[in-house]
Amino acid sequence: MINEINAKTLLNKNKKRDDWFLGNYTLNPYGGCSMACIYCYTNGSKYGGNYGVRVSAKINAVPILKKQLKNSIRRNERGIIILGSAADPYPSVEKDLTLTRQILGIIKRYKFPIHILTKSELILRDMDILNGIKEVAILPDDLSDKLDNGVIISFSFSTLDEKLSKIIEPGAPSPIERLETMKKYSDAGFKTGIINMPTLPFLSDSEKEIESMVKASKKYRAHYVLYAGLTLYGDTPDDCKTVYYNFLEKNYPDLVPEYEKLFKGSNAPSKRYQNHLAIKYGEISNKYGVKNNIIV
Ligand code: SF4
């Protein structure tokens, strides 16, 4: 059953625009996520509780957002809103609840630009409102010559392997469904991209797998591919670090010592690994003429 909560605020302002996603604000209509990805960083991190598949809907989102957006306009603070920074804005309950759809309606009314992060094909339902936002959104001055319009949509992937995805992202649409959804938005004139976050050490970070991701971005008409390594947080049974290691022990026991060597008790893989990933990704993206950032 869905947990309904009354949020005190909805729109959170970043101290400065984040360089990767270009967000001035973050907004999460839901807490928790039905996609239940075992690597979900909100499980056990400072950003969330032990979410699992439990979903909380911020049922008072619409009046609060109206108030906050009006205040932002009054202060002349326009900027890009990241929708779904901590939890996918299209969990399964969204189909009936339409909370995200109502929020998009408010965003359109107040002409704010938006960057949506999702794995869900349910976003296709909202193409009419997103077309409306595309037409009216007012971009921050310094981005007005760098973006064609005020809607960016990123689809997240950890792997293109359908079998692996079923195990590690059991509630999410398959990778091919996500790619096809992305292409529908690209074909409709939206700026879309792949977020390969996280790439999974020894499971989806080989040259061949990165090349497949970059090639898929071309084939399905993404404008960019962003990537990042895996982070693992928390030690309680529901936390992503515990859940992820349980998955490894069950499916890839030989990888457990490899991960322990790579993470060395930290939340992220070694700097050496991260540099190596960046070099590999950069080289392969260059080879295919794919950008690793949203704006040039
Ligand atoms: S879709 Fe995103 S928010 Fe939802 S469980 Fe997966 S990683 Fe977490």
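Residues numbered from 1 in each chain as written. Predicted model: local features only at pLDDT ≥ 70, side-chain atom pairs only at ≥ 80, totals over all residues. Heavy atoms only, no water.

1. Looking at the packing of helix α1 (residues 61-74) against helix α3 (residues 99-109)
In step 1: Direction vectors running N to C along α1 and α3 enclose 20 degrees, while the axes themselves pass 10 Å from each other. The orientation of α1 with respect to α3, classified from their angle, is roughly parallel. Relative to α3, α1 is oriented so that their crossing is right-handed. Judged by residue contacts, Ala-61, Val-62, Leu-65, Lys-66 and Leu-69 of α1 engage Leu-99, Gln-102, Ile-103, Ile-106, Ile-107 and Arg-109 from α3.
In step 2: Residue classes in the contact of α1 with α3 are distributed as eight nonpolar, one polar and two charged. (Axes fitted to C-alpha atoms, helices over the stretch in contact; angles between N-to-C directions. Helix = DSSP H or I, 4+ residues; strand = E, 2+ residues; numbered from the N terminus. Parallel < 35°, antiparallel > 145°, perpendicular 65-115°, else oblique. Left-handed = near helix turned anticlockwise from the far one by under 90°. Contact = heavy atoms within 4.5 Å. Nonpolar A, V, L, I, M, F, W, Y, C, P; charged D, E, K, R; others polar.)

2. Thoughts on the state of the cysteines
In step 1: What the rule picks out here adds up to zero disulfides.
In step 2: Here Cys-240 is not disulfide-linked; the sulfur of Cys-40 is the nearest cysteine sulfur, at 7.3 Å. (Disulfide = S-S within 2.5 Å.)

3. Some thoughts on the sheet that holds strand β9 (residues 191-199)
In step 1: In spatial order, the strands read β2-β3-β6-β7-β8-β9-β10; together these seven strands make up an open sheet with mixed pairing. Because the sheet does not close on itself, it has two edges, and the strands there are β2 (11-13) and β10 (224-229). Neighbouring strand axes in the sheet, compared pairwise and without regard to direction, differ in orientation by 25 degrees on average.
In step 2: Bridge count for strand β3 (residues 25-27) against strand β6 (residues 81-83) is three bridges, and the pairing is parallel. In the sheet register, Leu-27 faces β6, and the bridge partner there is Leu-83.
In step 3: Seen against the sheet, α1 touches β2, β3 and β6 and runs at an angle of roughly 35 degrees to β2.
In step 4: Strands in contact with helix α6 (residues 175-187) are β8 (151-157) and β9; relative to β8, the strand with the most contacts, it is inclined by about 165 degrees. (Pairing = 2+ DSSP bridges.)

4. Some words on the sheet that holds strand β1 (residues 3-5)
In step 1: Spatially, the three strands line up as an open sheet ordered β1-β5-β4, and their pairing is mixed. One side of each edge strand has no neighbouring strand; the edge strands of this open sheet are β1 and β4 (30-31).
In step 2: The pairing of β1 with strand β5 (residues 56-58) spans three bridges and is parallel. When the sheet's bridge partners are listed, Asn-3 is paired in β5 with Ser-56.

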